[in-house]
Amino acid sequence: MANEFAVEMQDVLKQFVTPEGGILSAVDHVTMQIKDGEFFSLLGPSGCGKTTSLRMIAGFELPTSGKIMIKGNEMSQVSAHQRPVNTVFQQYALFPHMTVEQNIGFGLEMKGVGKAERSARVSEALEMVRLPGMEMRRAKQLSGGQQQRIALARALVNKPEVLLLDEPLGALDLKLRKEMQLELKTLQREVGITFIYVTHDQEEALTMSDRIAVMSKGKALQVGKPEEIYERPANKFVADFIGETNFMDGIVKGQNGKVVVVDLPGSGEVRVESSRTFTSGQQVSVAVRPEKLRLNHEIEGGNNLKGRVEDVIYIGTDTHYGVRFPGGHKLRVREQNIKQSQKELARADDEVTVGFSTTSPRLLTE
Amino acid sequence: MMKFFRRNEKRQLMGLISPGALWILIFFNLPLLIMLFISFVERGRAGGIQIPPVYTIENYRLFFNACATEFAGPACNPWLYLSIFGHSVRIGVIVTFWCIVVGYPLSYFIAKQKPILRDALMVLVIIPFWTNFLVRTYALKQVLASEGLLNSLLNTLQLINQPLEMLFNEFGVVVGLIYGYLPFAILPMYTSIEKFDHTLMEAAADLGASPRRAFWRVMLPMTLPGVIAAFVLVFVPVVGAFVTPDIMGGGKVEMIGTLINRQFGVARNWPFGSGMSMILMVLVMIGVIAYFRSGSERERSAL
Ligand SMILES: Nc1ncnc2c1ncn2[C@@H]1O[C@H](COP(=O)(O)OP(=O)(O)O)[C@@H](O)[C@H]1O
Ligand SMILES: [Mg+2]
């Protein structure tokens, strides 16, 4: 029976006993489905349970409760060495006493693949990660980036149903990391294997993933495509963690169809379109991205708030303006420097208007 | 300037090392030289050596042919000493084998514990060193004696109706030696296992290796230095042991160590004792070097 899901986590809970004797839910009732052939990222700050989730899929940890299915098969009775998944470990975990060839060929050897075929497939795998002819080297004789590729080849050569990657680029420098991001993404498309990719780097997740699960404190807060997560964050944590977001606390004054009127005490009123229903007096947070704001540019039918510039930061491609409003609310505005000789739109202490459309902000309640 | 500094440093280093070097020279190499000298002279009439010394290689010949002496009777076995040596090597191999086979899982078990418990367990391993070796061996003898703890226990449990003979035979000697040398096997193996990165076992499992195959292919090769150190630390002293075979064997189990000991005691044949000591040293050294060689060759051919 074909199954459209490569991996399913059903209400998975994993608890640890802390050294102080308390109980910690490292993964807290997580349910998610990872589709076949998908590049799926687990994104969240350090300690949110990404590695633990991955380790349960790999079979190194068993869930306290809940189910993990791989290709539709329940995994609770299947130990790590029998699962159709392979892992690229955070610190690579190459075998130091073996050559590159022995490292990459290890999985095939365990499966009983003969020596001739093994060595052919190892060469193939080395070519795939663009390190041909490295067979006889030892792990210690390789640079970090090379070790990373060998670890990748060692996993991929087994043609697993699912490849698990735990912050595989974490130890590389920025330039190499960017290179490898593209390479990994291309590779994933070529081999068509489901990738589950753990990272704490939101930019990395946005660039590479088909879908992202944002995790915090053991919970999966939102699962969706990068643009969904970015444009329609489900809550303040996601909005804040992915990209940059301005938050302004206010109180709902009323709702007219889709348009919600929010009072920002002291700073004025804003009108925001939302498909949700709000009640008057409800506390909400108006969340809006800096690049959706315009400085000194009236938006017709939109919101135009008057405030004072607090700081101006020139960062080459953009200039950032921090604008404070009478009620204490603050917005960061990002203006692209399109014209080469573009003068600053405003200076510190200038009185300015910040304009944005009614569809730009999100109203978040949690 | 640089040169001066370097030379100065070198001199300082020499100054630091020399007391230790001197110590080794006086208390280690000098006795060895004296023994080498004695092994090439004739014995004195009442023990000691003939004065003035009469040089000879008879002491070495005697080891390889026990009948090459005026005291040889008609039932003389020319292989006597060689066979005792062979027997000692056999006991050495058995004891080392068991020390490693028992010590490895024990070291693993200790290394897996939380830091506090781990330290406590290592102290337990080391504590026996604080007690006199003789006292400990006699204590073990009480446990294994026919009227001893173990036999009484087995008897009470009605598992046996006759006491087991666990003393004054090879079994007793082997148990005594394992008991005495187990800590020497545990210490180096523990160090190796403790340093071993357990993620590698997960990597092996991830690539489809059962726990057993992961052990043989990854963990054992990577902790082999500890095992080799354990081998040397146990095998070398056990082959030459004389206190334990004496007590646990009750004079019925002859090892090369007890034989040498006797030459300096009741037999009063210092030159023969010295000769055997030199032979033992050289043979054990050759054995250990050969073992290392074959080990590194195995590793090289595995590439
Ligand atoms: N074996 C363990 N024993 C106790 N606590 C653990 C264990 N593994 C992970 N944790 C805890 O679970 C939480 C989640 O850890 P982890 O999954 O490694 O997070 P992440 O990979 O997202 O940084 C952390 O608070 C961590 O301290
Ligand atoms: Mg992690």
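See the structure printed just above.
Draft legend 1. How the structure looks around the interface of chain A and chain B. Taken residue by residue, the interface counts 24 residues in chain A and 19 residues in chain B. Around 1,900 Å² of area is buried between chain A and chain B when both sides are counted, 62% of it from carbon and sulfur atoms. Three residues stand out in chain A for area buried against chain B, namely H81(A), H97(A) and M110(A), and they jointly supply 30% of the buried area on that side. Summed over the shared surface of chain A and chain B, the result is 2 salt bridges. With a shortest N-O distance of 2.8 Å, R55(A) and E202(B) are connected by a salt bridge. If you look at where chain A meets chain B, you find 6 residue pairs in polar contact (both at pLDDT 80 or more). Contributions of two or more residues to the side of chain A that touches chain B are made by α1 (50–58), β6 (85–88) and α2 (100–110) of chain A. With 5 residues, α2(A) is the largest single contributor of residues to the side of chain A that touches chain B. Of the residues contributing to the side of chain A that touches chain B, the split by class is 12 nonpolar, 8 polar and 4 charged.

Draft legend 2. Structural detail: helix α4 (residues 144–156) of chain A. All names here are of chain A. The end-to-end C-alpha distance of α4 is 18 Å, a good match for the 18 Å that 13 residues give at a rise of 1.5 Å each. Here α4 lies mainly inside the structure; 11 of its 13 residues are buried. For α4, the set of buried residues is G145, Q147, Q148, R149, I150, A151, L152, A153, R154, A155 and L156.

Draft legend 3. Seen up close, the site of ligand 1. Residue and element names in this part refer to chain A. Taken together, the residues surrounding ligand 1 are F16, L24, A26, P45, S46, G47, C48, G49, K50, T51 and T52. Contact distances for ligand 1 include 3.1 Å between an oxygen atom and a backbone N or O atom of G49. Within the side chain of T52, a nitrogen or oxygen atom sits 2.5 Å from an oxygen atom of ligand 1. In isolation ligand 1 offers 560 Å² of accessible surface; the protein chains occlude 62% of this area. Those elements that provide at least two residues to the shell around ligand 1 are β2 (23–35) and α1. The leading source of residues in the shell around ligand 1 is α1, at 3 residues. For the shell around ligand 1, the class distribution of residues is 5 nonpolar, 5 polar and 1 charged.

Draft legend 4. Inspection of the sheet that holds strand β14 (residues 283–288) of chain A at higher detail. Residues and elements named next belong to chain A. Read from one edge of the open sheet, 5 strands run β13-β12-β11-β14-β20, paired in antiparallel fashion. Bordering the open sheet on either side are β13 (268–273) and β20 (362–364), each of which pairs with just one other strand. On average, each strand axis in the sheet is inclined to that of its neighbour by 45°, with strand direction left out of account. Pairing of strand β11 (residues 246–256) with strand β12 (residues 259–264) involves 5 bridges; the strand directions are antiparallel. Bridge pairing in β12 places G254 opposite V261.

Draft legend 5. Structural view of the state of the cysteines. All names here are of chain B. Under the defined criterion, the tally for this structure stands at 1 disulfide over all chains. One disulfide in the model links C67 with C76; its S-S distance is 1.8 Å. Disulfide C67-C76: torsion about the S-S bond near -110°, hence left-handed.

Draft legend 6. Quick look at the pattern of salt bridges. All names here are of chain A. Within the structure shown, the criterion is met by 32 salt bridges over all chains. Residues R121 and E117 are paired through a salt bridge, measuring 3.3 Å at the closest nitrogen-oxygen approach. Of this pair, R121 and E117 both sit in helix α3 (residues 115–128), 4 residues apart, which is roughly one turn of that helix. On the basis of relative accessible area, E117 is assigned to the partly exposed category, the value being 43%. Between E335 and R294 there is a salt bridge, with the nearest N and O atoms lying 3.5 Å from each other. Of the two residues, E335 is situated in strand β18 (residues 330–336) and R294 in strand β15 (residues 294–295); the sequence distance between them amounts to 41 residues.

Draft legend 7. Main features of the pairing of strand β19 (residues 351–356) of chain A. All names here are of chain A. Of all 6 residues that make up β19, 5 are buried, and the element is covered over most of its length. Relative to β19, strand β16 (residues 303–314) is paired through 6 bridges, and the arrangement is antiparallel. Pairing of G307 across the sheet is with V352, part of β19.

What counts, and where the lines are drawn
Residues numbered from 1 in each chain as written. Chains lettered and ligands numbered in written order. Predicted model: local features only at pLDDT ≥ 70, side-chain atom pairs only at ≥ 80, totals over all residues. Heavy atoms only, no water. Contact = heavy atoms within 4.5 Å. Buried area = accessible area lost by both parts, 1.4 Å probe. Salt bridge = Lys/Arg side-chain N within 4 Å of Asp/Glu carboxyl O. Polar contact = N/O pair within 3.5 Å; in protein donor to acceptor, adjacent residues only side chain to side chain. Helix = DSSP H or I, 4+ residues; strand = E, 2+ residues; numbered from the N terminus. Nonpolar A, V, L, I, M, F, W, Y, C, P; charged D, E, K, R; others polar. Expected span 1.5 Å × (residues − 1). Buried < 20%, exposed > 50% of the residue type's maximum accessible area, 1.4 Å probe, protein only. Near = heavy atom within 4 Å. Areas by Shrake-Rupley, 256 points an atom, 1.4 Å probe, with all protein chains shown as cover. Pairing = 2+ DSSP bridges. Axes fitted to C-alpha atoms, helices over the stretch in contact; angles between N-to-C directions. Disulfide = S-S within 2.5 Å.

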